[in-house]
Amino acid sequence: MKTAIVCGAGGFIGGHLVNRLKEEGYWVRGVDLKAHEFGNDQADDFVIGDLRDPRVCDALFDRKINEVYQLAADMGGAGYIFTGEHDAVVMHNSATINLNMVEASRIHGVDKIFYSSSACMYPEYNQTDPDNPKCSEDSAYPAMPDSEYGWEKLFSERLYLSYHRNYGMEVRVARFHNIFGPLGTWTGGREKAPAALCRKVAESENGGTIEIWGDGKQTRSFLYIDECLEGVRRLMESDFTGPVNIGSEEMVTINQLVDIIAGVAGKTIHKKHIEGPQGVRGRNSDNALIHRELGWKPTEPLKDGLARTFAWIQEQVKAAKTVA
Ligand code: NAD
């Protein structure tokens, strides 16, 4: 039986990844600062621990571990990443986790390690035109991410690739583009745009008005969690190191995203545009490389994933109201 450690298993993508690996027959150890908020975790063993502590990292390897999936990071949506208030902790915490985990994985001889980078590492100057953002993998340099979160991702990509070059470690690096789905943070300040907008629409009456940060003309693409995990597993099984985009090419404006969610909810929703952190003006995944290297790319329409996500967030909103 193959063994894997999932770092960040108490988080959104990590929780889903644990279950995916279990379905594939792995023995899985999850590790996180906290248990999964929504109980989405079927790990064989779950360690509550702080990966900034190298002793915690070392203790994870009490048996032969075939694969490490390093998803732990100090992160959140635009309200957490782009205000500048959390820059020092984001950089310090995430870089320390990565330094510790790649070294522990080397010392203990893991067969392969996966690192989740982000589209936030792409240079801001290629993402100023909402209709034509450029996010091909080879456009990363000269580097100019628009956030310290993005700079840390770039540093850590280079860290993993250095271990690959100098120690021959089998490393896989993916750049995720806005992953969404059920069983993720939907309130509290760290939630990302799809979850926040699903919540606002769920909380609104038919014909109501919701607040949108900025003019809503900024563009993004959003990838449903199941396709993200399919990409991760295909990358791990391939001989390709990356970095490679894992994202959708179905680019929409934030206003269109709201309209799709409103359609799924069966509500008429008006938009009030207010000041708020927005990030780059345009961003879309470029899937030429993943298609070439893995013979696969995500294809599910955005609307389908949003329908499933909205249904789950609507349940959460109703349950929260009942408790209140
Ligand atoms: P998440 O915040 O839900 O999960 C990250 C987990 O890491 C959290 O549960 C957190 O408690 C844990 N963590 C933080 N510091 C830790 C520490 N010191 N020790 C142990 N655990 C710690 O985020 P997510 O959306 O599941 O993202 C997973 C990874 O994918 C992250 O590295 C993120 O940067 C990357 N990513 C995500 C997206 C996205 O759209 N969700 C996009 C690009 C990249």
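Residues numbered from 1 in each chain as written. Predicted model: local features only at pLDDT ≥ 70, side-chain atom pairs only at ≥ 80, totals over all residues. Heavy atoms only, no water.

Trainee: Help me understand the overall build of the protein in this model?
Mentor: Check the secondary structure of the protein and you find 10 helices and 13 strands. For 324 residues, the compact-globule formula gives about 20 Å, and the C-alpha radius of gyration of the protein, at 19 Å, lands near that figure. Projected onto its principal axes, the C-alpha coordinates of the protein cover approximately 60 × 45 × 40 Å. In the protein, which comprises 324 residues, the proportion classed as buried is 56%. Across the protein, the fraction of contacts at a sequence separation of at least 24, relative to all contacts at a separation of at least 6, is 78%. The protein carries 36 positive and 46 negative side-chain charges, and their two centres are separated by 1 Å. (Helix = DSSP H or I, 4+ residues; strand = E, 2+ residues; numbered from the N terminus. Rg over C-alpha atoms; globule rule 2.2 N^0.38 Å. Buried < 20%, exposed > 50% of the residue type's maximum accessible area, 1.4 Å probe, protein only. Contact = heavy atoms within 4.5 Å. Lys, Arg positive; Asp, Glu negative; His and termini not counted. Charge placed at Lys NZ, Arg CZ, Asp CG, Glu CD.)

Trainee: I would appreciate a short explanation of the site of the ligand in the present structure.
Mentor: Among the 26 residues in the neighbourhood of the ligand, the closest are listed as Ile 13, Asp 32, Tyr 149, Ile 179 and Lys 192. Of all the secondary-structure elements, those providing two or more residues to the shell around the ligand are helix 1 (12-23), strand 5 (112-118) and helix 5 (148-167). Per element, the largest residue contribution to the shell around the ligand is three residues, and it comes from strand 5. Grouping the constituent residues of the shell around the ligand by class yields 12 nonpolar, eight polar and six charged. (Near = heavy atom within 4 Å. Nonpolar A, V, L, I, M, F, W, Y, C, P; charged D, E, K, R; others polar.)

Trainee: Would you explain unusual backbone geometry in this entry?
Mentor: It is generally the case that most residues other than glycine have a negative phi and that most peptide bonds are trans. In this model, Tyr 141 is joined to Pro 142 through a cis peptide bond whose omega is 0°. Phi at Asn 178 takes a positive value of approximately 40°, unusual for a residue other than glycine. Its location among the elements puts Asn 178 in the loop between strand 6 (171-176) and strand 7 (179-180). The phi dihedral of Leu 183 falls on the positive side, at around 65°, and the residue is not glycine. Position of Leu 183 relative to the elements: it lies in the loop between strand 7 and helix 6 (193-203).

Trainee: Hey, could you run me through the domain arrangement of the protein in this one?
Mentor: The domain boundaries assigned to the protein delineate domain 1 (3-179 + 224-246) and domain 2 (181-220 + 250-282 + 301-323). The centre of domain 1, based on its C-alpha atoms, is set 25 Å off from the matching centre of domain 2. Every contact between the two is made by 26 residues of domain 1 and, on the other side, 25 residues of domain 2. Together domain 1 and domain 2 conceal approximately 2,000 Å² of surface at their shared face, both sides included; 62% is due to carbon and sulfur atoms. Here Arg 190 makes a salt bridge to Asp 74, at a shortest N to O gap of 3.3 Å. Across the contact surface, domain 1 and domain 2 share nine residue pairs in polar contact (both at pLDDT 80 or more). Of all the elements in the fold, those that place two or more residues in the side of domain 1 that touches domain 2 are helix 1 and helix 3 (78-81). With three residues, the top contributor of residues to the side of domain 1 that touches domain 2 is helix 3. (Domains from an automatic or database assignment. Buried area = accessible area lost by both parts, 1.4 Å probe. Salt bridge = Lys/Arg side-chain N within 4 Å of Asp/Glu carboxyl O. Polar contact = N/O pair within 3.5 Å; in protein donor to acceptor, adjacent residues only side chain to side chain.)

Trainee: In this structure, what is going on with the nonpolar core? I would like to understand it.
Mentor: If you look at soluble globular proteins, the nonpolar side chains tend to sit buried side by side. Within the largest apolar cluster, 57 residues are counted, with the highest numbers of intra-cluster contacts made by Ile 13, Tyr 69, Phe 114, Phe 176 and Leu 257. It is helix 8 (residues 254-265) that contributes the most residues to this core, seven residues altogether. (Core = buried A, V, L, I, M, F, W, Y, C linked by side-chain atoms within 4.5 Å.)

Trainee: Whenever I open this one, the sheet that holds strand 5 confuses me. Can you help?
Mentor: To summarise the sheet geometry, strands pair through backbone hydrogen bonds and adopt either a parallel or an antiparallel arrangement. In space, the seven strands of this open sheet follow the order 3-2-1-4-5-6-11, with parallel pairing throughout. If you trace the sheet from one side to the other, it starts and ends with strand 3 (45-48) and strand 11 (244-246), each paired once. Adjacent strand axes in the sheet meet at a mean angle of 20°, parallel and antiparallel pairs treated alike. As paired elements, strand 1 (residues 3-7) and strand 2 (residues 27-32) share five bridges and run parallel to each other. Looking across to strand 2, one finds that Cys 7 is bridged to Val 31. In this fold helix 4 (residues 87-107) packs onto strand 1, strand 4 (67-70) and strand 5, with an angle of close to 175° to the strand it touches most, strand 4. (Pairing = 2+ DSSP bridges. Axes fitted to C-alpha atoms, helices over the stretch in contact; angles between N-to-C directions.)

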